[in-house]
Number of protein chains: 2
Amino acid sequence: MTSIPNHTHDPRAVSWVASANDGTTDFPIQNLPFGVFRQAGAARPPTVGVAIGDHILDVAACSRAALFEGAAADAAAACRSSRLNELMALGPAAWSALRHAIFDLLRADHADADRHSEVVGPLLVPQAQAELFVPADVGDYTDFYASVFHATNVGRMMRPDNPLLPNYKYVPIGYHGRSSSILVSGAPIRRPWGQTRPEGVEVPLFGPSKRLDYELEVGAYVGVGNDLGSPVTLDDSDAHLFGLCLLNDWSARDMQAWEYQPLGPFLAKSFATTVSPWVVTMEALAPFRVAPFTRPDGDPAPLPYLDSAAHKAAGGIDVQLEVAVSSQRMRDEGMAAVRLSHSNLSQMYWTFGQMAAHHASNGCNLRPGDLLGSGTVSGPETDARGCLLELTWRGAEPVTLPTGERRAFLEDGDEVTLRGWCERDGAARIGFGECRGVVLPGST
Amino acid sequence: MTSIPNHTHDPRAVSWVASANDGTTDFPIQNLPFGVFRQAGAARPPTVGVAIGDHILDVAACSRAALFEGAAADAAAACRSSRLNELMALGPAAWSALRHAIFDLLRADHADADRHSEVVGPLLVPQAQAELFVPADVGDYTDFYASVFHATNVGRMMRPDNPLLPNYKYVPIGYHGRSSSILVSGAPIRRPWGQTRPEGVEVPLFGPSKRLDYELEVGAYVGVGNDLGSPVTLDDSDAHLFGLCLLNDWSARDMQAWEYQPLGPFLAKSFATTVSPWVVTMEALAPFRVAPFTRPDGDPAPLPYLDSAAHKAAGGIDVQLEVAVSSQRMRDEGMAAVRLSHSNLSQMYWTFGQMAAHHASNGCNLRPGDLLGSGTVSGPETDARGCLLELTWRGAEPVTLPTGERRAFLEDGDEVTLRGWCERDGAARIGFGECRGVVLPGST
């Protein structure tokens with residue numbers, strides 16, 4: 001349902017909010033991503049908004065002003081909240097009705113555009129004056145491992161003769177992550193302390209991680225949940241997803257290497273996960289649906305519960321991604337961040353639809369606001385490796401910054417920025433905004 | 001603070017609630033565990049209560065009736081909720097004040113006992129007429145692996161020559177579990193479907209698990225949280241814990257074996273976790289504090305952040321545990337469940353204090369209501385193995401039930417009951433109640 005483009009995707013549509021039409025914004029009228037914000041200095045609680053150009057439309061205020069009717073009005077009422085969970089729970093028809101109503105309110109060529117700009121103008125808040133929040137209460141956060149390029153690179157470092165484990169091509173591998181330490185873009189990241197055991201040392205050390213890394217990921221928020229004991233089919237799974245964000249799964253590689261057997265990563269990841277503030281809806285992504293990654297010859301087909309004709313046609317999403325880093329010295333010297341890699345979500349071995357269907361296949365209940373991470377999005381090329389572990393081959397091949405500084409892993413003061421966007425002929429370019437964090441020294 | 005016995009632990013104390021004094025109840029006046037209940041058929045939302053004998057004291061109703069003063073009144077006000085989280089957040093002084101006030105209200109030898117029984121009697125609900133709930137909103141559920149006997153047994157099956165991984169004696173191994181599927185005792189367990197790959201088969205199968213297991217565990221609820229970036233010291237960690245419960249970490253062993261590498265268990269566990277409804281407070285457990293498990297000669301000492309003089313003296317808790325199973329046929333024939341194993345929490349290699357301090361050592365924030373599972377509580381003896389995987393040695397040595405039925409793993413209709421209690425000379429015996437679940441066939 002949400003994967004079929006409609007008039008809200010018309011690339012010719014423009015808004016009476018001028019900054020939405022400049023051709024460079026991540027937030028043209030065809031995007032309309034949801035987030036939770038508060039006008040800086042305002043005493044009232046955070047509320048739901050939609051990004052348009054360099055502004056935010058206060059959807060809760062629109063609801064109070066009774067600017068919507070029918071299903072859109074019901075959906076807007078669910079936005080009178082400090083989190084997206086209530087809206088997420090309503091489902092695709094409600095989300096779509098609200099999207100269409102907001103589109104009508106903001107489009108320049110609407111018959112009532114003048115009245116709309118008069119009434120709605122005061123309900124726009126400049127993004128520069130807004131504080132943004134983690135947009136949902138995340139009941140459970142699950143992180144997958146869906147890039148075969150990432151899994152193969154990491155596996156090769158650990159097991160040179162057997163890089164990819166036998167389950168990988170059958171099982172969308174995932175694990176439970178930590179919900180409490182999910183942060184919104186901009187929050188600083190404190191370097192974690194933990195146990196590590198460098199080679200040749202008998203007794204492990206306890207101190208600040210020396211191998212702090214980022215992971216370039218995409219997150220998917222669950223919209224409508226499923227009851228415990230009621231699996232979700234692959235063809236239904238997309239309708240359970242509300243939208244996507246950028247996600248940085250900060251990782252302490254030295255702690256991870258020592259702790260991860262046999263139950264998986266724990267403290268190496270649980271100190272922080274950063275998400276972008278804007279959730280790009282599945283409907284906004286409809287023009288960018290593509291066939292999923294083509295499995296190489298000889299790879300097995302997915303098992304039937306992870307395969308369908310509709311999924312084969314349009315199970316993937318073409319999202320371009322990049323990670324950029326700046327050191328403190330670069331920023332002091334006025335230099336821009338440098339792009340370290342560039343990859344694409346459509347290159348993942350498993351799609352979000354498959355991840356969600358697999359997640360619920362044992363009857364596990366997903367709830368509105370639950371977050372699924374894709375795992376590091378790496379591609380086959382060297383410059384498409386989505387974390388430093390891969391990019392520097394576990395530190396053996398450091399990258400050089402424009403200042404001449406070298407980086408095997410992140411140093412204190414380094415700032416990591418993830419970006420994502422969709423573009424193709426015949427569609428308006430839409431973007432995800434930024435997912436940013438700066439590394440602070442470990443506390444003592 | 002909470003580990004020093006006081007007059008609420010006096011074994012001579014009795015209650016005017018007669019069933020609390022029969023010598024067999026899990027809930028004498030020295031226990032006073034907290035839970036969330038609703039009188040069967042009542043229209044009002046669930047509320048906080050305390051178990052006393054075969055009744056439940058409605059603490060929220062006591063608060064509305066203004067039966068408490070000072071800190072106890074504040075703590076009781078936090079019980080006007082459908083979850084324990086608000087009470088948990090208040091901290092040990094508040095918990096203790098409320099415990100003492102409830103103790104005074106219920107004790108038989110109080111000067112005002114007659115008035116108390118008159119006023120409070122109507123606020124008691126028979127447990128037989130109550131519906132019980134998962135007592136807290138669990139933001140994050142973490143499961144540890146703290147029994148060296150369990151870890152060694154499981155490791156021996158996987159890696160006969162190298163059963164215990166090198167990190168085990170340094171790192172309290174744990175992983176994130178699934179919060180959404182935490183169930184209260186009595187909820188049936190639907191056999192999960194999932195991928196398995198039996199030996200000799202190339203393409204994995206997808207169907208109902210054939211190796212469904214229980215795990216006998218103890219859970220600890222976090223009371224007061226810590227801020228992100230602010231570790232908790234070992235000596236402070238007990239004050240962050242509110243109390244303990246029983247926990248059954250249902251596990252599909254065939255799914256687990258196929259999926260768990262490299263990121264740990266996922267769908268093999270996420271279909272259900274059962275907790276007992278009553279939370280036995282850390283203060284109630286004070287008389288049962290013991291020195292932690294004695295590490296065998298040659299084992300390393302814990303690293304300094306997991307070691308202290310106070311912890312060496314009383315970091316452990318002596319809780320006896322058992323698991324009993326009945327088949328459908330046993331129940332049809334009127335037979336009682338048969339005990340399969342009997343173990344003790346004090347035999348764990350890592351204490352809950354160490355688990356909590358380790359969990360927060362990287363700065364990870366724990367929140368009120370978070371749940372820490374101990375991992376399977378196994379002892380050194382064969383009859384102290386806390387799951388069927390160990391007890392039947394991966395199915396090779398099935399157990400025989402009184403009907404003559406044999407069990408390698410759980411069959412549909414099997415009911416698993418966990419029990420726990422504390423007893424020692426000079427203290428009143430206190431118990432945890434039951435943690436129970438029956439296995440239903442997998443849905444198709």
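Just so it is clear, the model here is predicted, and its values are computed rather than measured.

1. Thoughts on the overall build of chain A
Then, in step 1: The helix and strand inventory of chain A stands at 12 helices and 26 strands.
Then, in step 2: Taking 444 residues into account, the globule formula puts the C-alpha radius of gyration at 22 Å, and chain A, at 22 Å, falls close to it.
Then, in step 3: With 444 residues in all, chain A has 62% of them scored as buried.
Then, in step 4: By sequence separation, contacts in chain A at least 24 residues apart represent 74% of the contacts at least 6 residues apart.

2. Considerations on the confidence of the model for chain A
Then, in step 1: Per-residue confidence for chain A gives a mean pLDDT of 97; residues scoring 70 or more make up 99%.
Then, in step 2: Confidence estimates for the predicted assembly give a pTM of 0.98 and an ipTM of 0.97.

3. Overview of the pattern of salt bridges
Then, in step 1: Counted under the stated rule, the structure contains 57 salt bridges over all chains.
Then, in step 2: With its nearest N and O atoms 3.0 Å apart, the salt bridge here joins R44(A) to D58(A). Pair noted here: R44(A) is in the loop between β1 (34-39) and β2 (47-52) and D58(A) is in strand β3 (residues 55-58), with a separation of 14 residues, a long-range link.
Then, in step 3: A residue is classified by how much of its surface remains accessible, and R44(A), at 32% relative accessible area, is partly exposed.
Then, in step 4: Of the residues examined, D58(A) reaches a relative accessible area of 4% and is grouped as buried.
Then, in step 5: R436(B) is the partner of E434(B) in a salt bridge, and the nearest nitrogen-oxygen pair spans 3.2 Å.

4. Thoughts on the relation of the copies chain B and chain A
Then, in step 1: Overlaying chain B with chain A gives an RMSD of 0.0 Å, the required rotation being 180 degrees about an axis along which the chain moves by 0.0 Å. This pairing of chains is accounted for by a two-fold axis. Nearest to the rotation axis, the C-alpha of G264(B) is located 2.2 Å from it, this being the minimum over chain B.
Then, in step 2: Most of the interface of chain B is mirrored in chain A, where 100% of its interface residues are also at the interface.

5. A few points about the side chain of D249(A)
All names here are of chain A.
Then, in step 1: Relative to the elements of secondary structure, D249 occurs in the loop between β14 (241-248) and β15 (251-252).
Then, in step 2: A polar contact of 2.9 Å, which involves the side chain of D249, links it to the side chain of K269.
Then, in step 3: Ignoring anything within four residues of it in the chain, the contact list for D249 reads Y141, D143, Y175, Y214, E215, E217, K269 and T273.

6. Details of the sheet that holds strand β21 (residues 338-344) of chain B
All names here are of chain B.
Then, in step 1: Read from one edge of the open sheet, five strands run β9-β26-β25-β20-β21, paired in mixed fashion. Two strands close off the open sheet at either side, each with one partner strand: β9 (189-190) and β21.
Then, in step 2: In this structure, strand β25 (residues 415-422) lies alongside strand β26 (residues 430-440), joined through seven bridges in antiparallel fashion. What sits directly across from W421, in β26, is G431.

7. Description of unusual backbone geometry
Residues apart from glycine generally show negative phi values, whereas peptide bonds are mostly found in trans.
Residues and elements named next belong to chain A.
Then, in step 1: Residue Q261 is joined to P262 through a cis peptide bond whose omega torsion reads 5 degrees.
Then, in step 2: Positive phi, normally seen in glycine, also occurs at L32, with a value near 55 degrees.
Then, in step 3: When you line up the elements, L32 lands in the segment before β1.
Then, in step 4: A residue is classified by how much of its surface remains accessible, and L32, at 3% relative accessible area, is buried.
Then, in step 5: One non-glycine residue, R394, adopts positive backbone phi at about 60 degrees.

8. A closer look at the pairing of strand β25 (residues 415-422) of chain A
Residues and elements named next belong to chain A.
Then, in step 1: Counting buried positions along β25 yields seven of eight residues, so the element is predominantly enclosed.
Then, in step 2: One ladder, built from seven bridges, connects strand β20 (residues 320-326) with β25; its direction is antiparallel. Bridge pairing links V325 to V416 in β25.

9. Side note on the pairing of β26(B)
Where a strand is regular, its side chains alternate between the two sheet faces.
Residue and element names in this part refer to chain B.
Then, in step 1: Counting buried positions along β26 yields eight of 11 residues, so the element is predominantly enclosed.
Then, in step 2: Note: β9 against β26, two bridges, orientation parallel. In the sheet register, I189 faces β26, and the bridge partner there is V439.

10. Focus: the packing of helix α2 (residues 70-77) of chain A against helix α4 (residues 92-106) of chain A
Residue and element names in this part refer to chain A.
Then, in step 1: The interhelical angle for the contact between α2 and α4, taken along N-to-C directions, is 100 degrees, at an axis separation of 8 Å. Relative to α4, the element α2 lies roughly perpendicular. Here A71, A72, A75 and A76 of α2 lie close against α4, whose contacting residues are A94, A97, L98 and A101.
Then, in step 2: In terms of residue class, the contact of α2 with α4 is made up of eight nonpolar, no polar and no charged.

11. Comments concerning the interface of chain B and chain A
Then, in step 1: The interface is formed by 56 residues belonging to chain B together with 56 residues belonging to chain A.
Then, in step 2: Between chain B and chain A, the buried area comes to about 5300 Å², and carbon and sulfur atoms account for 62% of it.
Then, in step 3: There are four salt bridges connecting chain B and chain A.
Then, in step 4: We note a salt bridge from D140(B) to R178(A), for which the minimum N-O separation is 3.4 Å.
Then, in step 5: Our enumeration of links across chain B and chain A arrives at 26 residue pairs in polar contact (both at pLDDT 80 or more).
Then, in step 6: Among the secondary structure elements, those contributing two or more residues to the side of chain B that touches chain A are β6 (141-144), β7 (174-176), β10 (193-196), α8 (253-259) and α11 (352-360) of chain B.

12. Side note on helix α2 (residues 70-77) of chain B
All names here are of chain B.
Then, in step 1: Within the span of α2, buried status applies to A72, A75 and A76. With its buried residues spanning 100 degrees around the axis, α2 presents them on a single face.
Then, in step 2: Those residues of α2 that are buried are in contact with α1 (59-64), α3 (85-88) and α4 (92-106).

13. Notes on the environment of L84(A)
Then, in step 1: Mapped onto the secondary structure, L84(A) falls in the loop between α2 and α3 (85-88).
Then, in step 2: Considered as a pair, L84(A) and P135(A) are 51 residues apart in the sequence and their alpha carbons are 5.9 Å apart.

What counts as what
- Residues numbered from 1 in each chain as written.
- Chains lettered and ligands numbered in written order.
- Predicted model: local features only at pLDDT ≥ 70, side-chain atom pairs only at ≥ 80, totals over all residues.
- Heavy atoms only, no water.
- Helix = DSSP H or I, 4+ residues; strand = E, 2+ residues; numbered from the N terminus.
- Rg over C-alpha atoms; globule rule 2.2 N^0.38 Å.
- Buried < 20%, exposed > 50% of the residue type's maximum accessible area, 1.4 Å probe, protein only.
- Contact = heavy atoms within 4.5 Å.
- pLDDT = per-residue confidence, 0-100.
- Salt bridge = Lys/Arg side-chain N within 4 Å of Asp/Glu carboxyl O.
- Least-squares fit on C-alpha atoms with pLDDT ≥ 70 in both.
- Polar contact = N/O pair within 3.5 Å; in protein donor to acceptor, adjacent residues only side chain to side chain.
- Pairing = 2+ DSSP bridges.
- Axes fitted to C-alpha atoms, helices over the stretch in contact; angles between N-to-C directions.
- Parallel < 35°, antiparallel > 145°, perpendicular 65-115°, else oblique.
- Nonpolar A, V, L, I, M, F, W, Y, C, P; charged D, E, K, R; others polar.
- Buried area = accessible area lost by both parts, 1.4 Å probe.
- Arc of directions from axis to C-beta.

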